[in-house]
Amino acid sequence: MIFDFERDFAASLRCIPMIVRQKLDLVKIKLTLRQWSRFPAEAREKLVALPCATPQEQQAYYAQVAKDIDAYCDDALRPLENVDYAAWEKPDACPPDVLRQAREDDVPPPTAAQWAGLPPLKRFVLVKLASSKHENMNFVPALKEFGLLPST
C-alpha cells in the first residue's frame, strides 16, 4: 500500500514507503535509504507485500530484511533503538507531536474520535510525519488523504 501523498517518491520504490517504515519499526531494524536503494526491485516489492502483524510474521520479516541486507549491502544490519509504539498504537489519545505539527501547519488536529477511528498504519504515518526528525511537508496532505481535513 502506497499512500497518495507519497506517490511522487515512493511509488517507484526508490524511497522507503510508510508501510515498510512501519514494519521496520515493528521489527526494530534501522534501514537506511542507501541500503534500500541497493535492494533490487523484487526485494523492495516483497518487503512492501510481506505481512508483519503477528509475532511469527515479524520474525519472518526480520529474517527477510536481514537476508536482503546481507545479500545486497556492504554494511551490517543495525537495530533500531528507542522505538515508541505507544504514540501510534494506542487510539485513546492523539500524541503531542501530532498536535504540535497541526498547530505549526495552522490546521485543526485530529479529534479524539478521528484519532481513535484511524487504523494503526495511518496513526503511524501521522506520528512519523510529525516527528521532529522527519520532513513535515506531507503532514497536511496525509491529513487530507485520511479524511481528517477537507480537500481543497
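Residues numbered from 1 in each chain as written. Predicted model: local features only at pLDDT ≥ 70, side-chain atom pairs only at ≥ 80, totals over all residues. Heavy atoms only, no water.

**Re the layout of surface pockets**
Of the pockets and cavities examined, the second largest pocket occupies roughly 180 Å³. Taken together, 13 residues form the lining of the second largest pocket, with Q22, L26, C52, A53 and P120 sitting closest to its centre. Broken down by secondary-structure element, the contributors of at least two residues to the lining of the second largest pocket are helix 2 (18-27), helix 6 (86-89) and helix 9 (120-130). Among the elements that line the lining of the second largest pocket, the one with the most residues is helix 2, at four residues. In the lining of the second largest pocket, the residues fall into nine nonpolar, one polar and three charged. (1 Å grid on protein atoms, 1.4 Å probe; cavity = no way out; pocket = protein on both sides within 12 Å on 5 of 7 lines; lining within 4 Å. Points joined across faces, edges and corners; volume = space filled by probe spheres on them. Helix = DSSP H or I, 4+ residues; strand = E, 2+ residues; numbered from the N terminus. Nonpolar A, V, L, I, M, F, W, Y, C, P; charged D, E, K, R; others polar.)

**Topic: the nonpolar core**
One finds V125, L126, F139 and F146 to be the most contacted residues of the largest nonpolar core, which totals 46 residues. Contributing elements (two or more residues each) for this core: helix 2, helix 4 (41-49), helix 5 (55-72), helix 6, helix 7 (96-104), helix 9 and helix 10 (139-145). Considering every element that reaches this core, the biggest residue donor is helix 9, with seven residues. L126 has contacts with V98, W115, L118, F139, A142, L143, F146 and L148, leaving out every residue within four places of it along the chain. (Core = buried A, V, L, I, M, F, W, Y, C linked by side-chain atoms within 4.5 Å. Buried < 20%, exposed > 50% of the residue type's maximum accessible area, 1.4 Å probe, protein only. Contact = heavy atoms within 4.5 Å.)

**Overview of the side chain of Q22**
Note on placement: Q22 falls in helix 2. Here Q22 is in contact with W88, P120, L121 and F124, once residues within four sequence places are set aside.

**Focus on the packing of aromatic side chains**
Under the counting rule described, the total for this entry stands at six aromatic pairs. A centroid spacing of 6.1 Å and a plane angle of 55° characterise the contact between W36 and F39, whose relative ring orientation is tilted. Judged on exposure class, the residue W36 and its partner F39 are both buried. Pairing W88 with F124 gives two aromatic rings, centres 5.4 Å apart and planes at 80°, and the pair type is edge-to-face. Taken together, the residues span a long stretch of sequence, with W88 in helix 6 and F124 in helix 9 at a distance of 36 residues. For W88, a relative accessible area of 4% gives the class buried. Among the residues examined, F124 registers a relative accessible area of 2% and is labelled buried. A connected cluster of aromatic rings, assembled from ring pairs, spans F3, F5 and F146. (Phe/Tyr/Trp six-rings, centres within 6.5 Å; stacked < 30°, edge-to-face > 60°.)

Read these as layout, nothing more, since geometry by itself doesn't imply function.
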